[in-house]
There are 2 protein chains.
Amino acid sequence: MDIKALSKAHPDHWMRAAAIRALTLDAVAAANSGHSGMPIGMADVATVLWSKHMKFDAANPTWPDRDRFILSAGHGSMLLYSLLYLVGDAQITLDEVRNFRQWGARTAGHPENFHADAIEMTTGPLGQGIAHSVGFAMAEEILRARFGKQAQDHRTWVIAGDGCLMEGVSQEAITLAGRYELSRLTVFWDNNGITIDGKVSLSDRTDQVARFRAANWHVQEIDGHDPVAIDAAIEAAKAVTDKPSMIACKTHIALGHAAQDTSKGHGALTNAEQNTAARDAWGWVCGPFEVPEDVKSWWEAAGSRGAAEREAWEARMAGMSERKQADLSRVYAGDVPKKLSAVIRALKKQNSEAAPNVATRKASEMVLEVVNPVMSETVGGSADLTGSNNTKTGDMGVFDIDNRKGRYVYWGIREHGMASAMNGMALHGGIRPYGGTFMAFTDYARPAMRLAALQRIPTVFVMTHDSIGLGEDGPTHQPVEHLAISRATPNTFVFRPADIVETAEAWEIALSQKATPSVLSLTRQNLPTLRTQHKTNNLTEKGAYVLADSDGKRQVILLATGSEVEIAVAARDVLQAEGIGTRVVSMPCWELFEAQDEAYRRKVLPAGPVRVGIEAATRFGWDRWLMGERGKEAKAAFVGMTGFGASAPAETLYEKFGISSQAVVAAAKGLL
Amino acid sequence: MDIKALSKAHPDHWMRAAAIRALTLDAVAAANSGHSGMPIGMADVATVLWSKHMKFDAANPTWPDRDRFILSAGHGSMLLYSLLYLVGDAQITLDEVRNFRQWGARTAGHPENFHADAIEMTTGPLGQGIAHSVGFAMAEEILRARFGKQAQDHRTWVIAGDGCLMEGVSQEAITLAGRYELSRLTVFWDNNGITIDGKVSLSDRTDQVARFRAANWHVQEIDGHDPVAIDAAIEAAKAVTDKPSMIACKTHIALGHAAQDTSKGHGALTNAEQNTAARDAWGWVCGPFEVPEDVKSWWEAAGSRGAAEREAWEARMAGMSERKQADLSRVYAGDVPKKLSAVIRALKKQNSEAAPNVATRKASEMVLEVVNPVMSETVGGSADLTGSNNTKTGDMGVFDIDNRKGRYVYWGIREHGMASAMNGMALHGGIRPYGGTFMAFTDYARPAMRLAALQRIPTVFVMTHDSIGLGEDGPTHQPVEHLAISRATPNTFVFRPADIVETAEAWEIALSQKATPSVLSLTRQNLPTLRTQHKTNNLTEKGAYVLADSDGKRQVILLATGSEVEIAVAARDVLQAEGIGTRVVSMPCWELFEAQDEAYRRKVLPAGPVRVGIEAATRFGWDRWLMGERGKEAKAAFVGMTGFGASAPAETLYEKFGISSQAVVAAAKGLL
C-alpha cells in the first residue's frame, strides 16, 4: 500500500483519519492488550461517515432522532472510543482513552452500552452487532410510521468484519433485513481478508457480494481507503429506498504498520519500534495521545454538525400535539402506561372467577389481548411458531414493507436473529419487543439472550412448550436444562407461571422492567386456574408465595413452579387427607424471591417442615431452596427429570418419568 | 398439481412413492400428531435416491462404508421410518410404524439415532442435520485418504427444508462445505414454499440458489415430483468432484391432499375424510398400514441392492494388512489405543516433577502433543482461535482440499458449525473430534452441544478462557454462567482441571468415552502445578478427591475447581498456620463425583466441617456440594461471581470481585 500516495491525495482527510489510527496505537500499546489493526484499517470509512453523513450531536448522545452507529466488529473498540473522544463526547475523555481496558474505565475492551451514552450497544460476540442492527432499523421504521418523519427519521450504520459475516446469525440478520427492505440500514464490510488464524481464505471463500445480493441487498464494492469513493458509496446507499445496503470496503488491516495485512495486525501491536515506524509512515508527529489542535477542532466541528438538526427536531417536537409528545417521551423512557395495571387487574379478577383451564401459552395470549391495545409500544413476533407461541393478538397488524405500522413480526425460522433484533429494538428505544419460540430453542437464541441481560434491556422472551408436557415431539423439543440455563444467567427474570393469574402478573412485571430481560416459561398443555381468589396485589412480584397453607401442624412444604404447581396442590390434598399439614409454595420467579428480605423469605420457607421441590426439569439449582433457606438435606427431596425426555403423549411422559402427585406424596412421607 | 398425470407418467414409481405417502398419512393420523406434509412432498425424491443411488444394505445398517442419509428436516420423520420399514430394516417394523410417537417406540416424533441403527443422527432442531452433514462428509474424506478408497468410499445425502436453510447455522455449514469442496455431500432442498406461519415469502425471500452458488456449491433446480429429473440431477451431482451439490427440488407439501401447498399441510393431517380423499387421489387402495406385496418386495429388493457391494467391501477388507484392519475396526469401535494410558501416565509423571506454571489451555496442548501421535483418529480444530485455544499440535497436518489426511480443521468464526460438524464426525465413526473456542461462546455452540449429549457421542469441546481470568476482553468474553449451563445438561462431562496433571487426566477420560461428550474448561492464565506427587491412578476419574488434607482436627473443607484450586490451597496454608485444620477438595468433574458410591463421597465430604466453595463463576448449582452431601446451610459459604465480569487485567478482576485466598479465609473463619 502506498501510504504516501494516500496521504498526498487527500491530506486533510488523511490527518483526521490518522488521529484515529494514532490514538488506537497508543491506547492498545498502553494497555498492552486489544486490537489495533481494525481501527487503523477502517479509520478512513469512519472518518467520512462520522464527519459527513452520520446524523448526531456529540453534546446530546441520547437524542432520539440521531443516527445509530454499531460497531459489530466490537474488538475494534478503539475506533469507537477514538471517534467519541475526537468529536467531543463528554464521557469518553482523553483520560478514558488513556485508561483503555482498565478497571473502572468507560473504555472497556469491547464497547459496553452501559459505560457511555453514545455507545449504542455492547458488541464483541461476533455477528451480534449486525443482527441487533436489524432491530434498530425496524424500530426506526415502526416509529417513523407511527410518529411521522418529523419525529423519527434516521439511519442505522454498521461496521462488520469477516468474523461477523461468518457467524450464522449474520445470515439470519441479512435475510431479515432484505426481506423487510430495511433501506435505512447500511453495513460497511471491513473486507481486510484477515482473521486471527490467518487469511480469511484459510477458512472461508464465500462470495459475500453475491451472498448479500441473494438476500436482496444493494451492494457496492469500494476501496476502503479512498475518501471520495467512500463518500460516493454512502450517497448511493442513501439513495436506495427498497433495499438495505452493504458497502464492501477493501481495506488493509493495520495499514502502514509492519503488521499490515497479517493476522498479527489483528491483535495488539505493542512493539515500540514498529509503532514509531507506523506513525512515521502516517506522517503523525505528535506524542502519545496527542492530537494536533486543528485536527481536534475539525473533529469537534463534525461533532456539533448535528446540533442545528437536533434543535430543529426539538422545535418540531414542541409543535406536535401534547398527547403525541407525551407518548413519544413515555415510550422512549420505557415507562408503562397507567392503564396497564388496571387491565391486568381486571383480567386477573375475571379469570380468578372464571377459572379457565388453559395452557399458560394461551393465558399469555389472553394477557396480550388486553395489554397490546393499551401499550402501543409493544412489538410481538415468533420464530415461525405464531399459532403455537400464541404471540399474536388481533389488533397488532403485521409489520411489512407496505405496513410499517404493523406491530407483529414474522421472524421466520430464525430464533437467534429474532432475539438479536428484539434486543436492537429495545436498545433503539421507543419499542418494547417480545417474541416467541419453543423453550428448548433457548439454545439457538442464547448469545442474544445473554446480551440482553448484559446490556440491561427489557426484552421479553416468550418460551412455550416448556417441558415434557409438550409430548410427542420428543427430547429434542423438550427442555430439561433450560430453566437452569436462564436462571444461572445474571440479570434475567425467569417466570414460570402456574396459571392464568400468575401469567398476567408475570407479564405485568416483565413489561415494567427497564433494565432486565424476562424469560416466560409457558406450557403447551392446559392447566387449571389455581389462583381462584382474586388479589389486587401482584403476588408474583415476591417471586414465591404461599399458595395454599397447611391445615393443622405444618409438616411438609411443597415448592413448585408452573405446570407442577397443580401436582403440588393435588399432593397436598392427599397429604392433608392423611392428616399431614402441607403448605404449597408457588415459585414463579426465583430471582424476585431471592431479592426479598429475609423476614419474608423465612415466612414463606420456615425451618422445620420437610421440603419437596417439584419441577419437570433437572434438579440443578433447586438445592438452594431445598437445603438452603433454612432447609436440610435430610428433609429435602425433588421430583423432576434426571435426564432427557422422550417422545410420547404428555400424560404418558409425566407418568413414566414419575412426576405425579403420588410421587410427591411418597417423597414427602419418606422424609417424615 | 395434476396427480393423475404424475401417476400416469411413471406408474411404478408412483406406487412405490405412494407407499411412503400412505404410511405417513396412516401413522400421523393414528398418533394424532406429527407432520404429514413433508414426507408426502418428498416421497419422490426419497424413492429415487434410496432405490437407485444410495449405497446401503438394509440388513447391515452399520456397515462402515454405507452412504449416510440425514433427514435434516427431522419433523418429517415418517419419511425415514416409511423408507426403513419398506426396505426391510429389522428394527423399524410395521409395529413400530403403527406405534409412531408412542412411549417405547423406535419411531419417535423426531428421528433419534439411539432408537435404531439405521438412524444416522437425531434431527428436529432445524439446521442441525445439514450442519452435522458437513462433519459426516469430512470424516469420509479423511478416512478415505487414510485407509484408501477400498475401505471408505461413500456419500452423504441430506434432505433439508426451508427451516433448515433459514437457520443461521446452515450458512456456517454451507460455507464450510463449499470452502473444503466436500463433493461427496449432496443436499436436497425441499423447496415447498411453506412454513408453519404461512408461505415462506412471509418471512424469507432469499434467492437460495444464488446463496449456495456464492458459497461454492453446484446447484440444480428440478421438479421434485419428476423421477426422471431427480435421477438425472443425482447423476449430475455425483459427477461433480470439486463442489458440494444442492438440488433445489420444487415440491408440493402434502401433495394430493386437501391441505396441499398450505401451512396446514405441514402439520398433522388427521381429518379422516380428507385423508381418504388423498388416498383416492393417489390411487392407493390398501387399508391403513397396508402395502401391496409387489410394492413391498420391490422396496425390499432396493434394500438388499447394496448387499453385494457390502460383501465386496468385506472381501477387500479381509485383503488389507492386518494392522490396517485392526486399526479401522478400532477407530470405528471408538476404542482408545493401548498406548494412550502410557503416554498420559508418562506426561503426568514428568510434569508432577517438573511442576510447570502453565495455563491449562497450554497444558491441554502439551497433552495433545503426546496424544495425537498415538491416536490417529483425533481431528482437532478451532473456531479461528487456534493460538488461543492451543488445539493444534505439530504432527496433525491441516485438512484441506489438497490434504485430506490433514487432521486439523480451521473452522473459521463458526462455533456452531464447528460443534455440529464435530458431532457429525463422531456419528460417522472412525474419527474422534475435538475443537476449541472461548468458553463464553458455548452460547453459540449450544444447540450442537446439547445434541452431542442427546445423541450419546463423545465430542470434546475445548473451552478456553474460562473465567474473568481472561482479563481485558471484558464481560462479553468472560463466562460466569457457562459452567452451570453445561453442568445442567444431561449426559455431559464438564472438566475444570486445576493443573497440567488434572488436564491430562481429564483428556484421558474424555478420549475414552463412547457415549458422553466432554467440555474442557481451561484457563487463559498460568496456574502452578498442584499435583506434584505422581499417582498412576487417574484421580479425576473420581470427579473429586482430597488434594490436601487437614493437619490436625478437620474444621474446614475448601471445595474448588480449576484456577481456584490454587486459591484454596493458599487459603489452606493461612488457615493451617492459624491452627485451623483445612482440607482442600479438588472437584474437576462434578458428574463423575456424583456417580461415585456414597462411601467414597462421604470420605471426601464428611459431615461436620464448614465448607467453602470457590469458583470464578456464579454459585448456581454449588449448593448441592455445600449444603447437600452432609453439608449444612449454616456452615456453608461460596466465593465466586454474583454477576457479569468487567474489563481489566485478570489480577485486578480477581481482586475487585473478591475471589482471593483472603476472602476464602474470611469466609471460613466467619462460619467457625
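Nothing here was measured: the structure is a model prediction, and the numbers come from that model.

## With respect to the state of the cysteines
Disulfide: a covalent bond connecting the sulfur atoms of a pair of cysteines.
Residue and element names in this part refer to chain B.
Reasoning step 1: Taken as a whole, this structure holds 0 disulfides over all chains when the rule is applied.
Reasoning step 2: Here cysteine 164 stays unpaired: no disulfide links it, and the sulfur of cysteine 249, its closest cysteine neighbor, is 13 Å away.
Reasoning step 3: Among the residues examined, cysteine 164 registers a relative accessible area of 1% and is labelled buried.

## Re the packing of aromatic side chains
Reasoning step 1: A complete count under the given rule lists 41 aromatic pairs over all chains for this structure.
Reasoning step 2: Between the aromatic rings of Trp622(A) and Phe638(A), the centroid separation amounts to 5.6 Å while the plane-to-plane angle is 45 degrees, which identifies the pairing as tilted. Placement of Trp622(A) in the loop between strand 19 (610–615) and helix 25 (623–626) and of Phe638(A) in strand 20 (residues 636–640) is noted, with a sequence separation of 16 residues between them. Assigned by exposure class, Trp622(A) and Phe638(A) land together as buried.
Reasoning step 3: Above the face of the Phe114(B) ring, Arg456(B) is positioned so that its terminal group lies 4.1 Å from the ring centre.
Reasoning step 4: For the cation-ring pair, Arg487(B) lies above Trp590(B), with the distance from its terminal atom to the ring centre recorded as 3.7 Å.

## Examining the domain arrangement of chain A
Reasoning step 1: For chain A, the domain assignment lists domain 1 (3–309), domain 2 (339–527) and domain 3 (543–671).
Reasoning step 2: Here the C-alpha centre of domain 3 of chain A lies 52 Å away from the C-alpha centre of domain 1 of chain A.

## Some words on the environment of Ala43(A)
Residues and elements named next belong to chain A.
Reasoning step 1: For alanine 43, the position within the fold is in helix 3 (residues 37–53).
Reasoning step 2: Sequence separation of alanine 43 and alanine 19 is 24 residues, and the distance between their C-alpha atoms is 8.7 Å.
Reasoning step 3: Excluding residues that lie within four positions of it along the chain, alanine 43 makes contacts with Ala17, Ile20, Arg21 and Leu79.

## Here we look at helix 14 (residues 322–333) of chain B
Residues and elements named next belong to chain B.
Reasoning step 1: When the terminal C-alpha atoms of helix 14 are compared, their 16 Å separation across 12 residues agrees well with the 16 Å that a helix rising 1.5 Å per residue should span.
Reasoning step 2: Here helix 14 has its buried residues at Leu328, Arg330 and Val331. Buried residues along helix 14 cover an arc of 165 degrees about the axis, so they all sit on one side.
Reasoning step 3: Packing partners of the buried residues in helix 14 comprise helix 6 (128–147) and helix 13 (307–319).
Reasoning step 4: Looking one or two places after helix 14, you find glycine 334, whose phi comes out positive at around 75 degrees.

## Overview of the relation of the copies chain A and chain B
Look at the two chain copies: a rotation about an axis and a shift along it is all it takes to match them.
Reasoning step 1: Rotating chain A by 180 degrees and translating it 0.0 Å along the rotation axis places it on chain B, where the RMSD comes to 0.0 Å. This pairing of chains is accounted for by a two-fold axis. Closest to the rotation axis within chain A is the C-alpha of Gly168(A), separated from it by 1.9 Å.
Reasoning step 2: When the interface residues of chain A are mapped onto chain B, 100% of them again lie at the interface, so the same face is used by both copies.

## Side note on the sheet that holds strand 14 (residues 518–521) of chain A
Residues and elements named next belong to chain A.
Reasoning step 1: Within the open sheet, the 6 strands sit side by side as 10-9-11-12-14-13. Their pairing is parallel. At either end of the open sheet lies a strand with only one pairing partner, and these are strand 10 (408–410) and strand 13 (493–495). Between one strand axis and the next, the sheet turns through 20 degrees on average, direction left out of account.
Reasoning step 2: Pairing analysis gives 3 bridges linking strand 9 (residues 378–382) to strand 11 (residues 432–438), with the strands arranged parallel. Looking at the pairing, valine 379 lines up with proline 433 of strand 11.

## What to know about helix 18 (residues 415–428) of chain B
Residue and element names in this part refer to chain B.
Reasoning step 1: For helix 18, built from 14 residues, the straight-helix expectation of 20 Å at 1.5 Å per residue is met to within 8% by its first-to-last C-alpha distance of 20 Å.
Reasoning step 2: Counting buried residues along helix 18, 14 of its 14 residues qualify, which places the element largely inside the surrounding structure.
Reasoning step 3: The first or second residue beyond helix 18 is glycine 429, which carries a positive phi of 95 degrees.

## Description of the environment of Ala116(B)
Residues and elements named next belong to chain B.
Reasoning step 1: Structurally, alanine 116 can be placed in the loop between helix 5 (94–98) and helix 6.
Reasoning step 2: Using a relative accessible area of 2% as the deciding quantity, one classes alanine 116 as buried.
Reasoning step 3: Sequence separation of alanine 116 and arginine 106 is 10 residues, and the distance between their C-alpha atoms is 6.5 Å.
Reasoning step 4: Not counting residues within four places of it along the chain, the set of residues in contact with alanine 116 comprises Gln91, Ile92 and Arg106.

## Some words on the interface of chain A and chain B
Reasoning step 1: Facing 99 residues of chain A, the contacting portion of chain B comprises 99 residues.
Reasoning step 2: Of the roughly 8000 Å² buried where chain A meets chain B, counting both sides, 59% is carbon and sulfur surface.
Reasoning step 3: Area buried by chain A at its contact with chain B is led by Trp103(A), Arg450(A) and Phe620(A), which between them contribute 10% of it.
Reasoning step 4: On the surface where chain A and chain B come into contact, there are 48 residue pairs in polar contact (both at pLDDT 80 or more).

## A few points about the environment of Ala504(A)
Reasoning step 1: Looking at where Ala504(A) falls in the secondary structure, it is placed in helix 21 (residues 500–512).
Reasoning step 2: Other than its neighbours up to four places away in sequence, Ala504(A) contacts Ile344(A), Leu347(A), Lys348(A) and Val367(A).

## Focus on the UniProt feature "binding site: substrate" (unreviewed entry) in chain A
Residues and elements named next belong to chain A.
Reasoning step 1: In the numbering adopted here, UniProt assigns the feature "binding site: substrate" (unreviewed entry) to His35, His266, Arg361, Ser388, His465, Asp473, His477 and Arg524. Judged by maximum C-alpha separation, these annotated positions cover 490 residues in sequence and are scattered in space, the widest gap reaching 48.0 Å.
Reasoning step 2: You can see histidine 266 is positioned in the loop between strand 7 (245–250) and helix 11 (272–282).
Reasoning step 3: The contacts of histidine 266, once residues within four sequence positions are left out, are His35, Ser36, Gly37, His75, Ile196 and Ile253.
Reasoning step 4: Relative to the helices and strands, aspartate 473 resides in the loop between strand 12 (460–464) and helix 20 (482–488).

## Section: the UniProt feature "domain: Transketolase-like pyrimidine-binding" (unreviewed entry) in chain A
Reasoning step 1: Those places that UniProt annotates as "domain: Transketolase-like pyrimidine-binding" (unreviewed entry) correspond, in this numbering, to residues 358–529 of chain A.
Reasoning step 2: Taken as a whole, residues 358–529 of chain A contains 37% helix and 18% strand, while its terminal C-alpha atoms sit 8 Å from one another.

## Re the sheet that holds strand 17 (residues 554–560) of chain B
Residue and element names in this part refer to chain B.
Reasoning step 1: Spatial ordering of the open sheet is given by 16-18-17-19-20, a layout of 5 strands whose pairing is mixed. Two strands lie at the open edges of the sheet, namely strand 16 (545–548) and strand 20 (636–640), each paired on one side alone. On average, each strand axis in the sheet is inclined to that of its neighbour by 30 degrees, with strand direction left out of account.
Reasoning step 2: In terms of strand pairing, strand 19 (residues 610–615) meets strand 20 through 5 bridges, oriented parallel. Paired with valine 612 across the bridge in strand 20 is alanine 637.
Reasoning step 3: Sitting on the sheet, helix 27 (residues 661–671) is in contact with strand 17, strand 19 and strand 20, with an inclination near 155 degrees to strand 19.

## What about a positive patch on the surface?
Reasoning step 1: On the surface, Lys553(A), Lys632(A), Lys635(A), Lys553(B), Lys632(B) and Lys635(B) cluster together to form a positively charged patch.
Reasoning step 2: Structurally, Lys635(A) is set in the loop between helix 25 and strand 20.

Here is what the cut-offs are and how they apply
Position labels on residues start from 1 in each chain and follow its written sequence. By the order in which they are written, chains take letters starting at A while ligands take numbers starting at 1. In keeping with the predicted nature of the model, local features appear solely for residues at pLDDT of at least 70, side-chain atom pairs appear and are counted solely at 80 or more, and the whole-chain, interface and lining totals rest on all residues. With hydrogens and water stripped out, all remaining heavy atoms of the structure feed into the side-chain values. Put simply, a disulfide is two cysteine sulfurs that come within 2.5 Å. Throughout this description, buried means an accessible area under 20% of the type-specific maximum (1.4 Å probe, protein chains only), exposed means over 50%, and partly exposed covers the range between. Only centres within 6.5 Å qualify two rings of Phe, Tyr or Trp (six-membered ring in Trp) as a pair; their planes then separate them into stacked at under 30 degrees, edge-to-face at over 60, and tilted for everything else. Helix and strand assignments come from DSSP, with helices taken as H or I runs of at least 4 residues and strands as E runs of at least 2, each series counted from the N terminus. We call a charge positioned above a ring when the Lys NZ or Arg CZ atom is no farther than 6 Å from the ring centre and deviates by at most 35 degrees from the ring normal. Note: domain ranges come from an automatic or database domain assignment. Residue contacts are defined here by distance: any two heavy atoms, one from each residue, within 4.5 Å place the two residues in contact. Multiplying 1.5 Å by the helix residue count minus one yields the expected span of that helix. Our arc is simply the arc of the directions from the helix axis toward the C-beta atoms. The superposition of copies rests on a least-squares fit of C-alpha positions from residues with pLDDT of 70 or more in both. Two strands are said to pair when DSSP picks up at least two bridges between them. Angles run from 0 to 180 degrees between N-to-C directions of axes, and those axes are lines fitted to C-alpha atoms, restricted for helices to the stretch in contact. The quantity reported as buried area is the accessible area (1.4 Å probe) lost by two parts once they are put together, taken as the sum for both. As used in this structure description, the phrase polar contact means that two N or O atoms lie within 3.5 Å; if the pair is within protein, one of them must be able to donate a hydrogen and the other to accept it, and residues adjacent in sequence are counted only when both atoms belong to side chains. UniProt positions are given in the numbering used here, feature names are shortened, and annotations may be inferred rather than shown by experiment. What goes into a patch is any residue over 30% in relative accessible area without a salt bridge, connected to like charges within 9 Å or, for nonpolar side chains (Val, Leu, Ile, Met, Phe, Trp, Tyr), within 5 Å. To measure how exposed things are, a 1.4 Å probe is used in the Shrake-Rupley method; for residues, cover is taken only from the protein chains shown. We define a salt bridge as a side-chain nitrogen of Lys or Arg found within 4 Å of a carboxyl oxygen belonging to Asp or Glu. His is not counted, nor are the chain ends; Lys and Arg add positive charge and Asp and Glu add negative charge. Working definition for charges: the position is that of NZ of Lys, CZ of Arg, CG of Asp or CD of Glu.

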